[in-house]
Amino acid sequence: MNTQTVSASAARAYKSDVKPVWCPGCGDFTVLSAITKAFAELGLPPEQVAVVSGIGCSSRIPAYLNTYGFHGVHGRATALATGLKLARPDLTVVVASGDGDGFSIGGNHFLHACRRNVDLTYIVMDNRVYGMTKGQPSPTTEPDWDNALTPGGTGLRAFNPLVIALASGANFIARGFSGDPVGTARLIVEAIETPGFSFVEVLSPCVTFRPDQRDWRNAVRPAPVQPTGDIGAAARRLMTDDGFNLGVLYVGSRTPYQTHRTAAPVSPSEIEQQFAV
Amino acid sequence: MNTQTVSASAARAYKSDVKPVWCPGCGDFTVLSAITKAFAELGLPPEQVAVVSGIGCSSRIPAYLNTYGFHGVHGRATALATGLKLARPDLTVVVASGDGDGFSIGGNHFLHACRRNVDLTYIVMDNRVYGMTKGQPSPTTEPDWDNALTPGGTGLRAFNPLVIALASGANFIARGFSGDPVGTARLIVEAIETPGFSFVEVLSPCVTFRPDQRDWRNAVRPAPVQPTGDIGAAARRLMTDDGFNLGVLYVGSRTPYQTHRTAAPVSPSEIEQQFAV
Amino acid sequence: MSEDSAEFGNVSIALTGSGGAGVITAGAMLLDAAARAGCYGMFVRSSGPQIRGGEAAALIRLSMQPVEAQDDVFHLLVGLDWHNIERFAVELPLAANSLVIADPANGPPPEVIIETGARIVEVPLKDMAKAVPNGRPNMVALGLIAGLTGLPEETLQAALAKVLEGKGEKALQASLAAALAGLATSAGLEFDRRLPAATGHEKSRWQISGNQAAGLGAIRGGVRFVAAYPITPATEILEWLAAGLAKVGGALVQAEDELASINMIIGASYGGTPALTATSGPGLALMTESIGLAVASEVPIVVIDVMRGGPSTGIPTKSEQSDLNIALFGLHGDAPHIVVAPASIGDCVFTANWAVHLAESLQVPALVLSDQFLGQSRAIIDQPADLAFATQRLTVETVGDGYRRYALAAGGVSPMAIPGTPGGQYTAEGLEHTPRGMPSSQVTDHVAQLDKRRDKILGFDYGDHWAQITEDVDSDLAIITWGSTAGPVREALNRLRAGGRTFRLIVPRLLAPASPQRMAAALRGVKRALVIEQSHSAQFFHYLRGYFDLPCPADSYHRPGPLPFRPGELVEQIANWSAA
Amino acid sequence: MSEDSAEFGNVSIALTGSGGAGVITAGAMLLDAAARAGCYGMFVRSSGPQIRGGEAAALIRLSMQPVEAQDDVFHLLVGLDWHNIERFAVELPLAANSLVIADPANGPPPEVIIETGARIVEVPLKDMAKAVPNGRPNMVALGLIAGLTGLPEETLQAALAKVLEGKGEKALQASLAAALAGLATSAGLEFDRRLPAATGHEKSRWQISGNQAAGLGAIRGGVRFVAAYPITPATEILEWLAAGLAKVGGALVQAEDELASINMIIGASYGGTPALTATSGPGLALMTESIGLAVASEVPIVVIDVMRGGPSTGIPTKSEQSDLNIALFGLHGDAPHIVVAPASIGDCVFTANWAVHLAESLQVPALVLSDQFLGQSRAIIDQPADLAFATQRLTVETVGDGYRRYALAAGGVSPMAIPGTPGGQYTAEGLEHTPRGMPSSQVTDHVAQLDKRRDKILGFDYGDHWAQITEDVDSDLAIITWGSTAGPVREALNRLRAGGRTFRLIVPRLLAPASPQRMAAALRGVKRALVIEQSHSAQFFHYLRGYFDLPCPADSYHRPGPLPFRPGELVEQIANWSAA
Amino acid sequence: MTENPGIASVADLLAHAHAMESEAHERYLDLAEQLELHRNVEVATLFRKLAQIEQLHVRKILDRVGALELPHLSPWEYRWLDDEAPEAASIGEAHYMMTPHHALSLALRAEQRALDFYSSVLEGGGNSSVQELARELAVEEREHVELVKTWLAKYPEPGADWAEDPDPPVYQE
Ligand SMILES: Cc1ncc(C[n+]2csc(CCOP(=O)(O)OP(=O)(O)O)c2C)c(N)n1
Ligand SMILES: Cc1ncc(C[n+]2csc(CCOP(=O)(O)OP(=O)(O)O)c2C)c(N)n1
Ligand code: SF4
Ligand code: SF4
Ligand SMILES: [Mg+2]
Ligand SMILES: [Mg+2]
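Counting starts from 1 at the beginning of each chain's written sequence and moves along it residue by residue. Going through the entries in the order they are written, you letter the chains from A and number the ligands from 1. A pLDDT threshold of at least 70 governs which residues receive local features in this predicted model, and a stricter bar of 80 or more applies before side-chain atom pairs are shown or counted, although totals over entire chains, interfaces and linings include all residues. Only hydrogens and water are set aside; all other atoms, that is, all heavy atoms of the structure, feed into the side-chain values.

Residue and element names in this part refer to chain C. Segmentation of chain C into domains returns domain 1 (6-200), domain 2 (207-382), domain 3 (395-458) and domain 4 (465-579). Each domain's limits were defined by an automated method or a database of domain assignments. For domain 2 versus domain 4, the separation of C-alpha centres amounts to 25 Å. Whether two residues touch is decided by their heavy atoms; if any such pair falls within 4.5 Å, the residues are in contact. Between domain 2 and domain 4, the residue contacts involve 28 residues of the former and 27 residues of the latter. In total, about 2,200 Å² of surface goes out of reach between domain 2 and domain 4, with carbon and sulfur atoms giving 62% of it. Together, Gln321, Leu324 and Ala343 form the three largest contributors to the area buried by domain 2 at its contact with domain 4, with a combined 29%. Each of two parts loses accessible area, computed with a 1.4 Å probe, when they are put together; buried area is these two losses added.

Quick look at the structure:
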């Protein structure tokens, strides 16, 4: 068998045999396959990868992968992943979330994960809605989107996660679109390869509660400019971005955070000496 | 009696008879008096003002004021104040916090309070340390500040609260310094007068755990440029700011969030009709 | 031993189907038609893990008596299709005399159905639907069920008209034609569970879910501010309140998380507006620190926990009574508060209303423990009375110098100054404090405030509302249960009474503070008691042992969710226990 | 009835002062000197609300016997000044035969001191200090106390040298000179509490605080990752671990909040590294949701709660045993986990170590309930034995196809695949799940997993560690207590025994799972039991009633903090109770 | 998203063809599984059938590859005309209530895109053996297009209300 065949089925080998409960048409299917493509491309042994998530449709993703996984509680995935990566720097740790999980209940950990800059890749499937709980607005939802919990819309300006990521110190910032699986796979590869905290927002339509998002296909475009490492320029650009520019938008050069490990650990009985009378 | 005296004692009238437990020399004393000056200047009846705080040295402030106050739990002051202001739009609601309370445990509410843009004034006494718990690093602490909990320093880039405020939608952003009580009073007056969520960071030295901060006096300076309403420009400026520029740095024009109240409420028995068989 | 309930004039129907087959809508229409026909009833939904289009079952019970539980078996099962029916098999008990309607278009019914021994009759639902322009099989099934159960045609028409209101005349006609085709077919089928014709009733009736009922109770109680974060199965309370509050002049805010929502309502209530949040176990866990703040700072709030299967994320769509412990004991420190639980769907109105009354009167957090079964089931009930509690928060109007917010008033409730009250300025405090509210670590202040906070809730007169004590109040055998388990227990006891055995039934609504004296009085003369609950670790049983002086030996029957209690199971357990 | 404890060769000393007077440093030196002199001892600090420079008291008890409680009275009080002494008055009980050293420079001693009737002797501490170049009154006081209590001069010198190490020779000499001046003065003072000279001891001794001890126990147990958020009175555990872990090759991370810290340790432990966090009540409340995740996903973690006064922010600097309820019952759903409590400062080493062992062996969260008294007091103790538990997490090395993480293994503990293990890939799950870890809402899976999680902790052999059963094990009167209350109770029982009365003492270390059989065995032959605890609502007493089959009537003696239990108070309570 | 695929060698074209057919195969399988889970048996069966057909194509391509060494291409190195492998049915257009008409329309668009791809290789000129192969493949692909068209003819477009689900979505987690 030749290389090509290996690579195609290689991606599939990262899928588990569990069937996703997602609605047919959901953008998350494509994100799932983009992730497997990225893992295959990087040739990661599945047992060396852990995918950590919170709660939401999007957060169901770990079970659909053949890697190690953790389906945690709502909003805490980045914190759990931080502990895992710090304790096990040898693993490739990917965090997967939704816009509610990541930016609403999980907002604080998002801020601090960016700031801490641990070598994680954080993929947020943004559908601007709480899919799992039946269609309530999330922080990224448009202010006038009508729904049962906030009839007539929230009236709140949508949250711009990329700016927050930049402002709080993420080292790699990109936006993908589930309608562009190849581009998304590529972003994920780059995110994993870039040391430190990498944030990839993937626009991933919720066909059930946001059927209007099927039109995103026509709204997205490759970002008109190259990725920048200039934080001031990136700030200005992202602050006025309309949310549909795809690609890598910022790559920094901060050193990832790691807990220092002593080269010559001593035994507990040695440190007990300090208590001796 | 001349006006001057009136205004001096007017400010004093906002102080309660409780003696602060702060260390002599603590910056928070000046913030307290800047707040009373601002209230006096605005001529707010003390019973129409509520000051809400979390936990920390700085968060002790409500009890030292003669207004209504709420000394809540750690990190939740902005949320509590949001409920209060939405239920009681007639009150002037001020939130007071420290850098730990506001940006560490309270980070998510900070993000979402900015985004929600309720008409609150949020004063954070930033001393880049947890004073109350005896000197651990906060998000704004310099990465190399040595301390018992993270010996040698956290190694983490300091958090820039003004950028986060801007990125998440605060409508008024300013920085004051406790060494400049008059300037700080003025910022607070403007913050209260500006509709929507106003964020005022006040550099307020912790003389006990950060005696080095006595030098801040020499580091601060008035911001070299005028306040802007251009969000892109503000982003660029704040992102590269060194943390010592004082003054109003951004003023937006977003409409504050208020819950809609129907002009003609009906009685509960009327809405019960929907259940009748 | 599961005794039949035919004599009560009632029938249980399951309608299954998947992928947009419309069983849930048909179920809702059936309930509506039954309501119009003068029946009582209950409608439970069950679905697979898919968000949309997965397999679903509409479980409906109709009766001439009020219905509070699912029956032991389904008398009628109509399968629009059999996809994944195995998933529902345990939820769909069938007896040999049950009737199963199968559409030959779906092939033979699956083994799980056949092995029940139920009588299977083929009806070509799909073909019949096709014969009607725009007809749908679910409407054919609806007509068929209506016919078999004896619901008059006009009630069916009215139900269709109501649900399809706004879908246009054409859609209505198509559905109606399909339903009538089903109705016509029913005539040829044998079914012995036809409901008698209703004779008309005096009390007006409601069709309502427990979640709606709880929302209504809150509004009746005076709640005008709600902050919350969505979570299954509490979200419908919030969705109903979002619209309801807007009408009565209040407001609902969607918070960024539960930590925010609980603090928002504390803020609103501190400002004088009765305030509430609703959540489920995971959210409640996040709120406990701040509920403790409300205890210490004496700010009234109401928190509704619509319980689901635990622990952790657990089983979000199924019912369990396993958040009792966290509701009673989940706060750190000694933090007395109120915990109440509604004992039926209709009682959710009363209990939520009462909770607001208690919270406001006692300046304390009141937790309401509802559950997925109560919350998401829809029932036809007698219109609940409006008790119009004289809910009054004790406030100060004018204040002299030296207002003492936490004064050691007799009874423990000290008047609260609402911001805006001149001279009433004080700082609400979560640290231990003096009567003035200043932080204090002095033993006298600590003990005085701990006593105050305990005494105010212990000393309150909860009246008869503390429990429902019913059935055979003179029996020397008592059953103690709570919440949604009360419904099936009540039905089991009715059956046992029919068999000549009597039991006293005690269903406390007031779970905390523990009221051992009231319980002892309720148990006077009882020789033995059985405690029944839906929890793996018998939380309620242990709580009763720990905090109540049961004057008699008590036994426990408990098991976890997700399966609901059915009367037959309880008849058997109770009979065995009482025989022992 | 408070019996004197002079016969045990022990003395209690209080040193008060404020605004940088240095009483805490002097107290630490005194303890160190006493340790060198071969005494046992305990050092408790108490301070006002100011962060720095407020009034403070160093409370030291020295004895020839191990010390686990503060004594009923202070035999010696040295006031560097009297500022705000009223605040401490209740913490500083004095008897008529107590000696109070007052500095005439501070004016007459305050009324609260005088009215105790204690003998007051004036010593010009400030003037004596001034007479020494760079001398400080606290050092004069230290020398005076050393002299009065009979500590040899060389131990004082060594203690000073140790504490002032790094401050330079000049500072040391100044302090020493001041201390010697005090020592010299003591010769002229009458004091009947001089300690006997130590005769040398076999076991080596430690000077350690409970917080350090807990940290050490954790490291002994194998903890190599800690994430935490600072909170009083747990912070010292973290600060000690930050340095300690660095040495043994582990790491501590300061998290943004408690929600993060608990999840970080779950992540680290999932990755195979034994992990821990430490907090106090408010932080624990924030962690409960995620502790439930660790229960459901079966990830071992250890959480130490150093309890303080509650509810809410409460009294952060004072001790109370009022987080028992939240530790036992604070998780939503049925979520079995381990709760253990150390019974003394030294026992913090063992109990923390054991907690790690239990968590790892059972793949479950283990909560350790320490408190401010244990945590922040410093004691001289016999070096705790290192039990070197064979801590083993059951893991898989090689995995065939179809690894089932949550397999229903006998005993309930199923082998865990650590990431990196080829073929062991699985998803840790907080939803209810199948043995493979796939989400499931089926009754069979729910019941099987609930049983598994319960059975593994019920079936474990906790050995004799579950409780300390001591004193008069044949007595038919039992005292049951836990945690830091055990110390004063033990001393009270010693005194009562001296008076001829005997009691069986049961101090469970294992609080959850409830072990009714073990307790019943421990109570065999007991006629009556008294439960003693430091909580306003008698949490432990109610827990015992609810979950244990006490074979005898039980009574409760409970009260909240902030005052510590003293043996005399307990002697009186126990004597009255046993006489009743 | 290049205009000109710029396929330079037979190996290169075969690499593309193989990737395209395998992706198509896997995509139909995915869709079949999704619709099975959502109890849309009719469409699921159809997708399975399409998957089988694509599997045959994969085999055919492999036969052509024989011993030839194919280049390794990263997913983004393929020179498709569009975002992804052309023959893979767009997963975002699936719907749990979709009818065979929708499924076949979806398939038709995919097959047409595949045909367009080969045609563009042809139009792009270059190497004659590449041209030869592209022509052959295009012919086969055209057959598919026609086949799908005939199937589609049997399933007229359903009414506008085809996606109408009377039931509300389900609350989860
Ligand atoms: C503590 C807690 N609060 C609330 C919930 C309910 N909940 C589950 S998923 C979800 C939102 C999911 O939204 P998002 O992260 O955008 O995921 P999506 O379903 O849209 O992919 C919520 C509110 C929960 N499980 N836990
Ligand atoms: C839930 C919770 N976690 C931790 C604490 C302990 N705590 C009290 S104040 C504080 C930090 C205060 O820092 P900051 O807000 O900067 O205030 P400062 O004292 O510096 O003014 C901490 C961690 C607490 N009270 N509650
Ligand atoms: S509800 Fe929305 S987000 Fe969830 S699976 Fe369906 S389409 Fe995807
Ligand atoms: S510790 Fe620091 S912040 Fe706190 S009162 Fe003292 S100087 Fe101020
Ligand atoms: Mg979403
Ligand atoms: Mg600070």
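For the rest of this paragraph, the subject is the site of ligand 2. Lining the immediate environment of ligand 2, one finds 23 residues, of which Cys57(B), Ser58(B), Asp99(B), Asp101(B) and Glu258(D) sit closest. Throughout this document, a residue counts as near a molecule or strand when at least one of its heavy atoms sits within 4 Å of that molecule or strand. Ligand 2 sits at a junction of chains, with neighbouring residues supplied by chains B, C and D. Contact distances for ligand 2 include 3.1 Å between an oxygen atom and a side-chain N or O atom of Asn127(B). Notes on ligand 2: free accessible area 590 Å², of which the protein chains cover 98%. What counts as a helix is a DSSP run of H or I of at least four residues, what counts as a strand is a run of E of at least two, and both are numbered from the N terminus. Those elements giving two or more residues to the shell around ligand 2 turn out to be helix H4 (99-103) of chain B together with helix H11 (281-297) of chain D. The greatest single-element share of the shell around ligand 2, amounting to 3 residues, is contributed by H4(B). Note on residue categories: nonpolar means Ala, Val, Leu, Ile, Met, Phe, Trp, Tyr, Cys or Pro, charged means Asp, Glu, Lys or Arg, and polar means any other residue, Gly included. Among the residues making up the shell around ligand 2, the classes are represented as 11 nonpolar, 8 polar and 4 charged. Polar contacts here mean pairs of N or O atoms no more than 3.5 Å apart (in protein, one a potential hydrogen donor and the other a potential acceptor; neighbouring residues in sequence count only if both atoms are side-chain atoms). Surface exposure here means Shrake-Rupley accessible area, sampled with a 1.4 Å probe, where a residue is shielded only by the protein chains that are shown.

Here we come to the nonpolar core. Think of a nonpolar core as a cluster: buried Ala, Val, Leu, Ile, Met, Phe, Trp, Tyr and Cys residues, connected wherever their side-chain atoms sit within 4.5 Å. Relative accessibility thresholds used throughout: buried, under 20% of the residue-type maximum; exposed, over 50%; partly exposed, between the two (1.4 Å probe, protein chains only). Membership of the largest hydrophobic core comes to 364 residues, with the highest contact counts inside it found for Phe199(A), Phe199(B), Phe225(C), Ile338(C), Phe225(D) and Ile338(D). Residues in contact with Phe225(D), not counting those within four places in the same chain, are Gly83(A), Leu86(A), Ala87(A), Ala251(D), Val253(D), Met264(D), Ile265(D), Ala268(D), Thr273(D), Pro274(D), Ala275(D) and Leu276(D).

Pairing of aromatic side chains requires ring centres within 6.5 Å, counting the rings of Phe and Tyr and the six-membered ring of Trp. Pairs whose planes differ by under 30 degrees are stacked, by over 60 edge-to-face, and all others tilted. According to the stated counting rule, one finds 63 aromatic pairs over all chains in the structure shown. Geometrically, the ring pair formed by Phe103(A) and Phe159(A) is tilted, given 5.4 Å between the ring centres and 35° between the ring planes. Remark: Phe159(A) occurs in the loop between strand S4 (121-126) and helix H6 (161-168) and Phe103(A) occurs in helix H4 (residues 99-103); sequence separation between them is 56 residues. Residue Phe159(A) is classed as buried on the basis of its relative accessible area, which comes to 6%. These aromatic residues form a ring-pair network of at least three members: Phe329(C), Tyr543(C), Tyr547(C), Phe548(C), Phe329(D), Tyr543(D), Tyr547(D) and Phe548(D). The criterion is that NZ of a Lys, or CZ of an Arg, lies within 6 Å of the ring centre and within 35 degrees of the ring normal, and then a charge sits over that ring. One cation-aromatic arrangement involves Arg205(D) over Tyr40(D); the distance from NZ or CZ to the ring centre is 3.7 Å. The ring of Trp151(E) is capped by Lys49(E), whose NZ or CZ atom sits 5.4 Å from the centre of that ring.

Time to look at the relation of the copies chain D and chain C. Superposition of chain D onto chain C requires a rotation of 180° combined with a translation of 0.0 Å along the rotation axis, giving an RMSD of 0.1 Å. Classification of the inter-copy transformation places it as that of a two-fold axis. Interface residue correspondence from chain D to chain C reaches 100%, placing this contact among same-surface, isologous pairings. The copies were overlaid with a least-squares fit restricted to C-alpha atoms from residues scoring a pLDDT of at least 70 in each copy.

This part covers the site of ligand 1. With respect to spatial proximity, 24 residues lie near ligand 1, and among them Cys57(A), Ser58(A), Asp99(A), Asp101(A) and Glu258(C) are the closest. The environment around ligand 1 is built from residues contributed by chains A, C, D and E. Contacts to ligand 1 include Glu258(C), whose side-chain N or O atom sits 2.5 Å from a nitrogen atom. Contact distances for ligand 1 include 3.0 Å between a nitrogen atom and a backbone N or O atom of Glu173(E). Burial of ligand 1 by the surrounding chains reaches 99%, relative to a free accessible area of 590 Å². Secondary-structure elements contributing two or more residues to the shell around ligand 1 are H4 of chain A together with helix H11 (281-297) of chain C. Considering each element in turn, the shell around ligand 1 owes the most residues, 3 residues, to H4(A). A per-class count over the shell around ligand 1 returns 11 nonpolar, 8 polar and 5 charged.

To continue, consider the packing of helix H2 (residues 28-42) of chain B against helix H7 (residues 181-193) of chain B. Each packed pair of helices is defined by two parameters, the angle between the axes and the distance between the axes. Residues and elements named next belong to chain B. Lines fitted to the C-alpha atoms define the axes, with helices restricted to the stretch that makes contact. Angles between their N-to-C directions range from 0 to 180 degrees. Remark: H2 packs on H7, axes separated minimally by 8 Å, with the N-to-C direction vectors making an angle of 50°. Here H2 is positioned oblique relative to H7, judged by the angle of their axes. The two elements H2 and H7 meet at a crossing, and its hand is right-handed. Taken together, the residues of H7 that come into contact with H2 (itself represented by Thr30, Ala34, Ile35, Lys37, Ala38, Phe39, Glu41 and Leu42) are Pro181, Thr184, Ala185, Ile188, Val189, Ile192 and Glu193. Note on angle classes: values under 35 degrees are labelled roughly parallel, values over 145 roughly antiparallel, values of 65 to 115 roughly perpendicular, and the remainder oblique. With the far helix as reference, a near helix turned anticlockwise by less than a right angle produces a left-handed crossing, and one turned clockwise produces a right-handed crossing.

The interface of chain B with chain D comprises 23 residues on the first partner and 21 residues on the second. Interface area for chain B against chain D, summed over the two sides, is near 1,700 Å², with a carbon-plus-sulfur share of 62%. Considering only the surface of chain B that becomes buried against chain D, Val21(B), Ile105(B) and Leu149(B) emerge as the three largest contributors, covering 30% of it. Definition used for salt bridges: Asp or Glu carboxyl oxygen within 4 Å of a side-chain nitrogen of Lys or Arg. Taken together, the links from chain B to chain D amount to 0 salt bridges.

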